[in-house]
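Summary of the model geometry
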Amino acid sequence: MEFRVDRGDLVEAVGWAARALPARTPVPVLGGLLLEAGDGRLSVSGSDLETAARIETDAEVSRGGPVLVLGRRLLDICKVLPDGPVRCALEGSRFTVEAGGTRFGLSTLARAEYPAPPVPPGAYGSVDASAFAAAVGQVAVAAGRDDTLPALTGLQVRLDGDEMTLSASDRYRYAVRRLAWKAEAGGAEGEGAARGVVEALVPARRLLEVARSLARCGVVRIGLDGGGGAGGGGSIGFEGGRMRTVLRRLDGRLPGYGKLFDMAGAAVAEVECGALTEAVRRVAVVAEANGPVRLEFGPESVLLRAGYGDDVAAQRLPASLTGAEEVTVAFDPAFLLDALTSFGVRALRLELLGTGQRALLDDKDAPGVHRHLLMSVKQPS
């Protein structure tokens, strides 16, 4: 094996594939990246058995073939190489990397012990890459981080007709985002049409990384296999340009949000999103650990308060309230800021049931597209 490749292309390819490598593993070969050269292209693949990533880039190939090397060591080497062409070659059991008079040698790993790459799932449909990345980012903030409750660490992808719905919840908040997508003709579409709806629960942190890395690809194609219904299992694939990632789906599904989002009898407040975000960030400076930020809504304003005793902060903002003379709610400031910053819109519409009850945040100008449910914490009397 021997090839030449531009240093920038090599860094990008190795860096992208290395995201799938495990942080720690008792299986040494899982720390490796598989490089395969042939037909004017270099492909780089990595996997931790839950995620498999593969990327291709142009290369001048003198001798084709594969090699398995320590992924993070190769990435460290690529980052310090001088700009310009890089010559890579397999010389016996050593993989050499050479550029601008600098030469590195790497020992190789046993390729026969490396797990076979997963078969990419059949194409199901496609979505705008930047819109998908933005939507995943808006929803992933609500996903759980407790690995003892794996289903709650997932982001649920629901495909129904020409609409994709993303949702996540850690039991204390629930985010939902809808966006348009296009189903592929035939194949998996027939399966989806027969079932009416297809759902997949995917690790939220992994999906967020994948969506962000594909954001500039124009279009992301999504593939599904195994357990296409609500039961979980199987895998889900994402492909954009020359990059492809396959994620193992989580078992189970998130609890339904229909009844939670039914806010019958709620008072409705409207407030500028940016101003509220900055005000929460400001007054939360004095909030103690687990201390809430209180929002006291009146007919024409909202008063934000945080802290206790002499260490307090307050700020009043213009706002409107209908359905009640006044409503007070209180939230964990980190949760509230996660929700507010996920919107990035002009104005918010808040449906409020009062202290210790649910509050539903929505985009005032595009209702129903992105919604975020928070539980208001109870305040001591």
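Computed from a predicted model, the values in this text were never measured in an experiment. Per chain, the residues get numbers from 1 upward, laid out in the order the sequence is written. With pLDDT at 70 or above as the cut-off, local features in this predicted model cover only qualifying residues; side-chain atom pairs require 80 or more to be listed or tallied, and sums for whole chains, interfaces and linings still use all residues. To get the side-chain values, take all heavy atoms of the structure and skip hydrogens and water.

1. Considerations on the pairing of strand S22 (residues 311-318)
A pair of strands counts as paired when DSSP detects no fewer than two bridges linking them. Counting from the N terminus, the helices are the DSSP runs of H or I reaching at least four residues and the strands are the DSSP runs of E reaching at least two. Pairing of strand S21 (residues 301-308) with S22, which is carried by eight bridges, proceeds in the antiparallel orientation. Along S22, the bridge assignment pairs Gly307 with Val312. Where S21 hands over to S22, the hairpin turn is made up of two residues, of which Gly309 adopts a positive phi near 65°.

2. Describing the packing of helix H1 (residues 7-18) against helix H2 (residues 71-80)
Axis definition: a line fit to C-alpha positions, over the contact stretch in the case of helices; interaxial angles, taken between N-to-C directions, run 0 to 180 degrees. Running from amino to carboxyl end, H1 crosses H2 at an angle of 150°, the nearest separation of the two axes being 9 Å. Between H1 and H2, the angle falls in the class roughly antiparallel. As H1 runs across H2, the sense of the crossing is left-handed. Where H1 approaches H2, its residues Arg7, Leu10, Val11, Val14, Gly15 and Ala18 are matched on the opposing element by Gly71, Arg72, Leu74, Leu75, Cys78, Lys79 and Val80. Under this scheme an angle from 65 to 115 degrees is roughly perpendicular, one under 35 degrees roughly parallel, and one over 145 degrees roughly antiparallel; angles in between are oblique. Helix crossings fall into two classes, left-handed where the near helix is turned counterclockwise from the far one by less than a right angle and right-handed where it is turned clockwise. Note on contacts: a residue pair is in contact if any heavy atoms of the two residues lie within 4.5 Å.

3. A closer look at the nonpolar core
Nonpolar cores are built from buried Ala, Val, Leu, Ile, Met, Phe, Trp, Tyr and Cys residues. Side-chain atoms within 4.5 Å join them into one set. Throughout, exposure labels follow a simple rule: accessible area from a 1.4 Å probe, protein chains only, divided by the maximum for the residue type, with under 20% read as buried, over 50% as exposed, and the rest as partly exposed. If you look at the biggest cluster of nonpolar residues, it comprises 69 residues, and the most contacted ones within it are Phe3, Leu35, Phe95, Met164, Leu166 and Phe238. Setting aside residues no more than four positions away along its own chain, Phe3 makes contact with Leu35, Ala37, Leu42, Ala59, Glu60, Val61, Ser62, Val86, Arg87, Cys88 and Phe95. Ranked by size, the runner-up nonpolar core spans 33 residues in total, among them Ala267, Val302, Ala319 and Ala339.

4. As for the sheet that holds strand S18 (residues 243-248)
Overall, antiparallel pairing links the nine strands, which are arranged S6-S2-S3-S4-S18-S17-S16-S10-S14 in an open sheet. Two strands close off the open sheet at either side, each with one partner strand: strand S6 (65-70) and strand S14 (182-183). In terms of strand pairing, strand S2 (residues 32-38) meets S6 through six bridges, oriented antiparallel. When the sheet's bridge partners are listed, Leu33 is paired in S6 with Val69. Together, strand S10 (122-128), strand S16 (219-225) and strand S17 (235-240) form the strand contacts of helix H3 (residues 129-140), whose direction differs from that of S10 by roughly 85°. Packing of helix H5 (residues 204-213) onto the sheet brings it into contact with strand S4 (51-58), S17 and S18, and relative to S18 it is tilted by some 165°.

5. Looking at the packing of H3 against H5
The contact between H3 and H5 brings their axes to 8 Å, and the two run at 155°. It follows that H3 is roughly antiparallel to H5 by the angle criterion. When the axes of H3 and H5 are compared, the crossing they make is left-handed. Contact residues: Phe132, Ala133, Val136, Gly137 and Ala140 in H3; Leu207, Leu208, Ala211 and Arg212 in H5. Side-chain classes are defined by residue name, with Ala, Val, Leu, Ile, Met, Phe, Trp, Tyr, Cys and Pro counting as nonpolar, Asp, Glu, Lys and Arg as charged, and the others, Gly among them, as polar. Broken down by class, the residue content of the contact of H3 with H5 amounts to seven nonpolar, one polar and one charged.

6. Side note on H5
Every α-helical turn comprises 3.6 residues, leaving residues that sit three or four positions apart pointing alike. Within the sequence span of H5, burial applies to Ala204, Leu207, Leu208, Val210, Ala211 and Ser213. For H5, the secondary structure elements touched by its buried residues are H1, H3, strand S11 (154-160), strand S15 (198-203), S17 and S18.

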